Amino acid sequence: FAGGGSNLTVAGTKALAESGVNNLSIDGRINLSLLNVFPQIASGDTFFGGFADVSIRLAGPNSAARLSGTATLDNASFATFVGSDRLMFERLQGIIRFASNQVQVDRVSGFLGGGEFVASGGAVLGSDLRPDSFRFDLTGNNITVPLPEDFITTGDAKLEISGRRFAGGGLSTLIAGRILAKRSVYTKDIDLASIISGRGDTSLSSGGTSSFQAPRFDLVIEGRDALIVRNNIADLTASISLRLAGTTEEPQISGRITANSGTVFFRNDRYVVQRGVVEFPPNT
């Protein structure tokens, strides 16, 4: 099988009946964008790209098929959504190992939002070769992520991304860890009338869907003089110490924002901020 950057040798048998026995081998180079046509792997809001050199075997009956072998990533990419924002993992390099019903990532490096990261972890596959559970540890420097909602945050991060498949077939995912923010920018205009009347939208997923089905968060975000607010009511710099919990549908933010300098605009008047503190009490 050759074309579009792929050059594969496929040999053996693939069972169709539930009791049929597989004995299939795939060797060569694959363009990972081919995975986007398989709904078991890509669900319409998850995208793959780049290349991998593979040597994989599929053996056993369909009811208990097992993978073995390796896939060596070469400038691969993976994109998905967290709420309405797209996360793009680019320039991925590393080796993925398949053994029985497990997938092991020893060390994969790449870039997220322009910053470099390394990741390790693994997944347990079900009989349909879809993940039943997974856990990955990610350490990044100068990565950029759209967290919290409406913020663009750049900093160093140590994250754990884990999940488990539930009865409906989707994955319940938890993104936990700590982000040491170097710069977190908020530029969205604020409608004070909507806030006062309680009509604000607190959903993180109003504009898109997620392959991970409403991720849950347990993130600590901290940064001294890292927060930059530039919108219709403020132009200021502040320090942040926040905890993001809950889900994309019901996010919960607690902690403190301490403004050190800047200006606030209210009813055509300009106010100079010498010091200000905004407290977000825990949601009890």
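Keep in mind that this is a model prediction, so the values were computed, not measured. Starting afresh in each chain, residues are numbered from 1 along the sequence in its written order. Local features in a predicted model are, by the rule used here, given only for residues with pLDDT of at least 70; side-chain atom pairs are given and counted only at 80 or more, and totals for whole chains, interfaces and linings are based on all residues. Think of the side-chain values as coming from all heavy atoms in the structure, minus any hydrogens and water.

**Some words on the overall build of the protein chain**
Applied cut-off: Secondary structure elements are defined from DSSP: runs of H or I of at least 4 residues count as helices, runs of E of at least 2 residues count as strands, and each element is numbered from the N terminus. We call two residues in contact whenever any of their non-hydrogen atoms come within 4.5 Å of each other. For accessible areas, the Shrake-Rupley method is used with a probe of radius 1.4 Å. Any residue's cover is judged against the shown protein chains and nothing else.
Helix and strand counts for the protein chain stand at one helix and 16 strands. Of the contacts made within the protein chain by residues no fewer than 6 positions apart, 49% connect residues no fewer than 24 positions apart. For the protein chain, the accessible surface area stands at approximately 15,400 Å², while carbon and sulfur atoms represent 54% of it.

**Considering unusual backbone geometry**
The backbone of Arg 91 sits at a positive phi, close to 50°, despite the residue not being glycine. Among the structural elements, Arg 91 can be located in strand E6 (residues 85-100). For Asn 268, which is not a glycine, the phi torsion comes out positive at approximately 70°. Considering the arrangement of structural elements, one finds Asn 268 in the loop between strand E14 (251-266) and strand E15 (269-273).

**Some words on the pairing of strand E9 (residues 131-145)**
The two faces of a sheet get side chains in turn, since along a regular strand they alternate between them. The condition is simple: Strand pairing is assigned whenever DSSP detects at least two bridges linking the two strands.
Alignment of strand E8 (residues 115-125) against E9, held across ten bridges, turns out to be antiparallel. Within E9, the residue paired with Glu 116 across the bridge is Asn 141. Connecting the antiparallel pair E8 and E9 is a turn made up of five residues, with Leu 129 showing a positive phi of about 70°. Pairing between E9 and strand E10 (residues 151-165): eleven bridges, direction antiparallel. Each residue of the ladder has a partner; that of Arg 135, found in E10, is Ser 162. From the end of E9 to the start of E10, which pair antiparallel, there are five residues, and Asp 150 there has a positive phi angle of about 70°.

**Remarks on empty space enclosed by the protein**
Which entries qualify depends on this criterion: Using only the protein atoms, space was sampled on a 1 Å grid; points where a 1.4 Å probe fits but cannot get out form cavities, open sets with protein on both sides within 12 Å along at least five of seven lines form pockets, and lining residues are those with an atom within 4 Å of a point. Grid points are joined across faces, edges and corners, and a volume is the space filled by probe spheres set on the points. In this count, Pro and Cys sit with the nonpolar residues alongside Ala, Val, Leu, Ile, Met, Phe, Trp and Tyr, while Asp, Glu, Lys and Arg are called charged and the others, Gly among them, polar.
If you walk through the whole model with that rule in mind, you get one cavity of 30 Å³ or more. What the largest cavity holds in volume is close to 30 Å³. Pro 148, Phe 151, Ser 184, Ile 221, Leu 227, Ile 240, Leu 242 and Ile 257 together form the lining of the largest cavity. Taken together, the elements giving at least two residues each to the lining of the largest cavity come down to strand E12 (216-230) and strand E13 (234-247). When the residues that make up the lining of the largest cavity are grouped by side-chain class, the tally is seven nonpolar, one polar and no charged.

**Quick notes on the packing of aromatic side chains**
Stated precisely, the cut-off is as follows: Aromatic rings from Phe, Tyr and Trp, with only the six-membered ring used for Trp, were paired whenever their centres fell within 6.5 Å, and each pair was classed as stacked if the ring planes differed by under 30 degrees, edge-to-face if by over 60, and tilted otherwise. Exposure classes here rest on a 1.4 Å probe applied to the protein chains alone. A residue is buried below 20% of its type maximum, exposed above 50%, and partly exposed in between.
On inspection of all chains with the given rule, the structure shows five aromatic pairs. Consider the rings of Phe 89 and Phe 117, whose centres lie 5.6 Å apart with planes at 80°: the pair is edge-to-face. Highlighted residues: Phe 89 in strand E6 and Phe 117 in strand E8, separated in sequence by 28 residues. Judged by relative accessible area, which is 12%, Phe 89 ranks as buried.

**Remarks on the pattern of salt bridges**
Our working definition: We define a salt bridge as a side-chain nitrogen of Lys or Arg found within 4 Å of a carboxyl oxygen belonging to Asp or Glu.
The final tally for this structure, using the stated rule, is 13 salt bridges. Two residues, Glu 222 and Arg 178, come together in a salt bridge whose shortest N-O distance is 2.9 Å. Highlighted residues: Glu 222 in strand E12 and Arg 178 in strand E11 (residues 171-186), separated in sequence by 44 residues. The exposure class of Arg 178 is partly exposed, given its relative accessible area of 43%.

**With respect to the environment of Ser 6**
For the record, the criterion: Definition of a polar contact: a pair of N or O atoms within 3.5 Å, with one able to donate and the other able to accept a hydrogen when the atoms are protein atoms, and with sequence-neighbouring residues admitted only if both atoms are side-chain atoms.
As for its placement among the helices and strands, Ser 6 is situated in strand E2 (residues 6-13). Taking relative accessible area as the criterion, Ser 6 reaches 4% and is therefore assigned buried. Here the alpha-carbon distance between Ser 6 and Asp 53, two residues 47 residues apart in the chain, equals 9.4 Å. Among residues more than four places away in sequence, those in contact with Ser 6 are Phe 1, Arg 29, Ile 30, Asn 31 and Leu 34. Among the polar contacts made by the side chain of Ser 6, one reaches the main-chain amide nitrogen of Asn 31 at a distance of 2.7 Å.

**Considering the environment of Phe 117**
We classify Phe 117 as buried; its relative accessible area is 3%. As a C-alpha pair, Phe 117 and Asn 142 span 25 residues in sequence and 8.8 Å in three-dimensional space. Setting aside residues no more than four positions away along its own chain, Phe 117 makes contact with Phe 89, Leu 92, Val 108, Ser 109, Gly 110, Phe 111, Leu 112, Leu 138, Thr 139 and Gly 140.

**A word on the confidence of the model for the protein chain**
So the rule is basically this: Per-residue confidence from the predictor is given as pLDDT, running between 0 and 100.
A residue-level look at the protein chain finds 88% of positions with pLDDT of 70 or above and a mean pLDDT of 86. In this model, residues 202-212 is a region of pLDDT below 50 whose contacts with residues beyond four sequence positions or in other chains number 36 contacts.

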